[in-house]
Amino acid sequence: EQAIMEALGAFLVRGSKETSKEKVTKVTKLASKTISNTIPKLKRKNLIVVEGKNLRLTEEGIESLGPLAQKAGGGATMEEVHENIKSDMTKKQIMLFEMLVDGNAYDADDIAKKLGYPDGRKTKAFVNLKGALKSKSILCYPDKERIQLDPETCFPFGKDRK
């Protein structure tokens, strides 16, 4: 229960009021059956609301998160959302985030080389860097060649709104 609540809280801090069950499953690394079995318990406690395939914290759920709840709501501006996202990243992750912050998709090889990986996207350190951000639903792969920031997580108000 705690892992699911913390994941929903983290998404809320990043500006996503609703999060798909699939993303919660990825971030928590819990089995989807565990997630499915736990959701009704959280609903009965009035901590979450389920709408289709999405989960959302209730006011009670936000309050139950304690200190995290003070940051909840994600921020009024895209800059605040991005600062919240970057707050628990390494320097290299922040560099990658900043290169993709316009929301467009870029060739992974080009980005890897700009980050100082001469062998491009196949470099193990770059693969690990991408993987760490993908597991937090910050990065996505529109196709095999390109990477971009996850629109749902990183641009909760839409890409064009500041």
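Everything below is about the structure printed above this text.
About the criteria used
- The numbering scheme is per chain: residues are counted from 1 as the chain's sequence reads.
- Local features in this predicted model are restricted to residues of pLDDT 70 or higher, and side-chain atom pairs are both shown and tallied only at a pLDDT of 80 or more, whereas totals for entire chains, interfaces and linings draw on every residue.
- Excluding hydrogens and water, the side-chain figures rest on all heavy atoms present in the structure.
- What makes two strands pair is DSSP finding at least two bridges between them.
- Secondary structure elements are taken from DSSP: a helix is a run of H or I of four residues or more, a strand is a run of E of two residues or more, and numbering for both begins at the N terminus.
- Between N-to-C directions, angles span 0 to 180 degrees; the directions come from axes that are lines fitted to C-alpha atoms, helices contributing only their stretch in contact.
- Note on exposure labels: buried denotes an accessible area under 20% of the residue type's maximum, exposed denotes more than 50%, and partly exposed covers the range between, all computed with a 1.4 Å probe on protein chains only.
- Counted as a polar contact is a pair of N or O atoms within 3.5 Å, where, for protein atoms, one must be capable of donating a hydrogen and the other of accepting one, and residues adjacent in sequence contribute only when both atoms are in side chains.
- By definition in these notes, contact holds between two residues if any of their heavy atoms fall within 4.5 Å.
- Salt bridges are counted wherever a side-chain nitrogen of Lys or Arg sits within 4 Å of a carboxyl oxygen of Asp or Glu.

Undergrad: I'd love a proper account of the sheet that holds strand β2 (residues 48–51), names of residues and values included.
TA: If you walk across this open sheet you meet the 3 strands as β1-β3-β2, and the pairing is antiparallel. The open sheet has two edge strands with one neighbour each: β1 (18–20) and β2. Mean inter-strand twist for the sheet, computed between neighbouring axes without regard to direction, equals 30 degrees. With 4 bridges connecting them, β2 and strand β3 (residues 54–57) associate as antiparallel partners. Bridging from a neighbouring strand, Val50 pairs with Leu55 of β3.

Undergrad: Residues and numbers for the sheet that holds strand β6 (residues 146–149), please.
TA: Spatially, the 3 strands line up as an open sheet ordered β4-β6-β5, and their pairing is antiparallel. With partners counted over all chains shown, the strands left at the sheet margins are β4 (106–107) and β5 (139–140), one partner each. Pairing geometry for β5 and β6, over 2 bridges, is antiparallel. From the neighbouring strand, Leu139 faces β6, where its bridge partner is Leu149.

Undergrad: I'd like a description of the side chain of Asp150, backed by residues and values.
TA: Note on placement: Asp150 falls in the loop between β6 and α10 (151–154). Taking relative accessible area as the criterion, Asp150 reaches 10% and is therefore assigned buried. Within the structure, the side chain of Asp150 is placed 2.8 Å from the side chain of Lys23, a separation counted as a polar contact. Among all residues touching Asp150, those that are not within four sequence positions of it are Lys23, Ser137, Ile138, Leu139, Cys140 and Phe155.

Undergrad: Just give me the short version of the pattern of salt bridges, but keep the residues and values in it.
TA: Here the structure, examined in full by the defined rule, presents 10 salt bridges. Measuring nitrogen to oxygen at the nearest pair gives 3.8 Å for the salt bridge that ties Arg56 to Glu18. Taken as a pair, Arg56 in strand β3 and Glu18 in strand β1 lie far apart in primary sequence, 38 residues in all. For Arg56, a relative accessible area of 27% corresponds to the partly exposed category. Here Glu22 ties to Lys26 by a salt bridge, and the two come within 3.6 Å at their closest N and O atoms. Separated by 4 residues within a single helix, Glu22 and Lys26 lie in helix α2 (residues 21–28), roughly one turn from each other. Its relative accessible area of 53% is what places Glu22 among the exposed residues. Within this structure, Glu18, Glu51 and Arg56 form a network of salt bridges that share partners.

Undergrad: So what about the environment of Ala10? Which residues, and what values?
TA: Tracing the backbone shows Ala10 in helix α1 (residues 2–13). The sequence separation of Ala10 and Lys136 amounts to 126 residues, and the corresponding C-alpha distance is 9.5 Å.

Undergrad: If you had to explain the pairing of β3 to someone new, which residues and values would you point to?
TA: Along β3, the buried face is formed by Leu55 and Leu57; none of Asn54 and Arg56, which line the opposite face, is buried. The sheet contact formed by β1 and β3 spans 3 bridges and is antiparallel. If you follow Glu18 over to β3, its bridge partner there is Arg56. Taken together, β2 and the strand that follows it, β3, pair antiparallel across an intervening segment of 2 residues, in which Gly52 is found at a positive phi of about 65 degrees.

Undergrad: Can you explain unusual backbone geometry? Please cite residues and give values.
TA: The phi angle at Lys29 is positive, at roughly 60 degrees, despite the residue not being glycine. With respect to the element layout, Lys29 can be found in the loop between α2 and α3 (32–44). Unlike most non-glycine residues, Ser137 shows phi in positive territory, near 60 degrees. Mapped onto the secondary structure, Ser137 falls in the loop between α9 (124–135) and β5.

Honestly, that's just the spatial picture; any functional story needs more than this.
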